[in-house]
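# Chains, contacts and geometry: an overview
Each chain is listed here by its residues.
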Amino acid sequence: MAEPLLGGMAQTAADRSEPILRCGNTNCGGCGMSIVHQFLGRAAGDRPVQLVIPTCCAIVAAGPFPWSSYGAPVVATTFASGASVATALAWAAKLNGEKTRVICFAGDGGTFDIGMATVSGAAERNEDILYLCYDNEIYGNTGGQRSSATPRGAATTTTPTGNELAKKDIVGIMAAHRIPYVATVSLAHPDDALRKMRDALDMEGFRFLHVLSPCPTGWKSEPGDGVELIRLAVKSGLYPIYEVFGGRRFVINVEPEMTPGALENYHAKQGRFRKAGIDLSRVREAIADEWDYLRARAAQGAARNA
Ligand code: SF4
């Protein structure tokens, strides 16, 4: 009998009887990516999963070979090849008749920048992958350099006086591939986050989740403030929570309260913005523009379905 192709690697929650990312990992205290892993483990439940992690803090978190902080099988890849390796594993699982859900778990550097070619290729081919980008808005594992996910005004090691460029619209780019599912995920809204992760795990084709992930080290924030920062980002409208089906149907999941002071607090709690002295009126304009666009797209989708 032929050996299964790259098979037998997936594990279920029952197999691992532990979270996806275990205690004793090397993440900084208060790292948002640790919370993303906890959510993902809960969402996965007893589904068999296989992680593919391109270069980023999440692969550093595994610790030195042959040990691993992961309670699930992981393939480490270069920055640029995560989506390609995930493609191969997804096809191997399919050819072997396995129900493995292949998850590419990547940072913003490996998604917005260096991995964009393979991410776009896998999306265009609609490969059967869940691609989760935890976005800490810098190259965290190499010391905090600017990426194209870094917001305007944030100080990084390569933009010490503040980044002058706008953050890349990765959700819009992925939606433009007309893949089955794209969504933003808030760590401050667990019900919505878990529902989206479960839905994305169960769908077929290329699914993309974007999670804004607090990084106390790079954001120069208090480790205990991470979830509160995300709550402020959502309340202020800075981080819109929505999903896009088939690149066409936009659904807004959380209405921003536009709470007075939320935007100010979000920025005041992070040293990366204090250094450069950010112009919040410009940020407000960008938020208003983005919400005009999202509301128009959501209305179009609703009208089409009426
Ligand atoms: S540098 Fe940031 S993203 Fe990386 S482990 Fe530390 S807190 Fe997490």
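Structure's up top.
Now for a quick tour of the structure. (Residues numbered from 1 in each chain as written. Predicted model: local features only at pLDDT ≥ 70, side-chain atom pairs only at ≥ 80, totals over all residues. Heavy atoms only, no water.)

## A short note on unusual backbone geometry
Backbone torsion omega between Phe-65 and Pro-66 reads 10°, so that peptide bond is classified as cis. Among the secondary structure elements, Pro-66 is positioned in the loop between helix H3 (57-60) and strand E2 (74-77). Despite not being glycine, Arg-178 shows a phi value in the positive range, around 55°. Along the chain, the position of Arg-178 falls in the loop between helix H7 (170-175) and strand E5 (181-185). Classification of Arg-178 as exposed rests on a relative accessible area of 53%. Non-glycine residue Lys-220 carries a positive phi angle of around 55°. Mapped onto the secondary structure, Lys-220 falls in the loop between helix H9 (216-219) and helix H10 (226-235). (Helix = DSSP H or I, 4+ residues; strand = E, 2+ residues; numbered from the N terminus. Buried < 20%, exposed > 50% of the residue type's maximum accessible area, 1.4 Å probe, protein only.)

## Quick look at the site of the ligand
Every residue near the ligand is listed here: Asn-27, Cys-28, Cys-31, Cys-57, Asn-136, Gly-140, Cys-215, Pro-216 and Thr-217. For the shell around the ligand, the residue count by class is five nonpolar, four polar and no charged. (Near = heavy atom within 4 Å. Nonpolar A, V, L, I, M, F, W, Y, C, P; charged D, E, K, R; others polar.)

## Digging into the pattern of salt bridges
Counted by the stated rule, this structure contains 15 salt bridges. A salt bridge links Lys-167 to Glu-137; the shortest N-O distance between them is 2.8 Å. Here Lys-167, found in the loop between strand E4 (130-135) and H7, pairs with Glu-137, found in the loop between E4 and H7; they are 30 residues apart in sequence, far enough to count as distant. When its relative accessible area of 5% is taken as the criterion, Glu-137 is described as buried. With its nearest N and O atoms 2.8 Å apart, the salt bridge here joins Arg-272 to Glu-137. You can see Arg-272 sitting in helix H12 (residues 271-274) and its partner Glu-137 sitting in the loop between E4 and H7, a full 135 residues away along the chain. Residues joined by salt bridges that share partners form a network here, namely Asp-192, Arg-195, Lys-196, Asp-199 and Glu-243. (Salt bridge = Lys/Arg side-chain N within 4 Å of Asp/Glu carboxyl O.)

## Remarks on the packing of helix H4 (residues 82-95) against helix H6 (residues 116-124)
Contact pair H4 / H6: the axes reach a minimum separation of 7 Å and the direction vectors enclose 35°. Residues Ala-83, Ser-84 and Thr-87 of H4 pack against Thr-118, Val-119 and Ala-122 of H6. (Axes fitted to C-alpha atoms, helices over the stretch in contact; angles between N-to-C directions. Contact = heavy atoms within 4.5 Å.)

## Notes on helix H13 (residues 280-305)
With 26 residues, H13 ought to run about 38 Å at 1.5 Å a step, and its terminal C-alpha atoms sit 37 Å apart, in line with that. Along H13, the residues classified as buried are Leu-280, Val-283, Ile-287, Trp-291, Leu-294, Arg-297, Ala-298 and Gly-301. Taken together, the buried residues of H13 touch strand E7 (241-245), strand E8 (249-254) and helix H11 (262-268). (Expected span 1.5 Å × (residues − 1).)

## Here we look at the packing of helix H2 (residues 32-44) against helix H8 (residues 190-202)
With their axes 9 Å apart at the nearest point, H2 and H8 run at an angle of 55° to one another. Comparing the axis directions of H2 and H8 gives the class oblique. Considering how the two elements wind past one another, H2 and H8 form a crossing that is right-handed. Between H2, through Val-36, Phe-39, Leu-40, Arg-42, Ala-43 and Ala-44, and H8, the contact on the second element is made entirely by Pro-190, Ala-193, Leu-194, Met-197, Arg-198 and Leu-201. Its residues placed into classes, the contact of H2 with H8 shows 10 nonpolar, no polar and two charged. (Parallel < 35°, antiparallel > 145°, perpendicular 65-115°, else oblique. Left-handed = near helix turned anticlockwise from the far one by under 90°.)

## Focus on the environment of Ile-129
Looking at the element boundaries, Ile-129 is found in the loop between H6 and E4. Sequence separation between Ile-129 and Ile-103 is 26 residues; the distance between their C-alpha atoms is 6.0 Å.

## Some points on the side chain of Ser-34
For Ser-34, the location among the structural elements is in helix H2. Overall, Ser-34 belongs to the buried group, its relative accessible area being 17%. Those residues in contact with Ser-34, other than ones at most four positions away along the chain, are Leu-21 and Asn-27.

## Details of the packing of aromatic side chains
With the rule as written, the count across this model stands at eight aromatic pairs. Summarising the aromatic geometry, the rings of Phe-79 and Tyr-139 are spaced 5.8 Å apart at their centres and angled 75° between planes, so their arrangement reads as edge-to-face. Highlighted residues: Phe-79 in the loop between E2 and H4 and Tyr-139 in the loop between E4 and H7, separated in sequence by 60 residues. For Phe-79, a relative accessible area of 19% puts it in the buried group. A ring pair is formed by Tyr-266 and Phe-273, whose centres lie 6.4 Å apart and whose planes are at 45°; its orientation type is tilted. Grouped by ring-pair contacts, the aromatic residues Tyr-131, Phe-206 and Phe-208 constitute a single cluster. Between Arg-249 and the ring centre of Phe-245, over which it is positioned, the NZ or CZ distance is 4.4 Å. The ring of Trp-219 carries Arg-272 above its face, with NZ or CZ at 4.2 Å from the centroid. (Phe/Tyr/Trp six-rings, centres within 6.5 Å; stacked < 30°, edge-to-face > 60°. Lys NZ or Arg CZ within 6 Å of the ring centre and 35° of its normal.)

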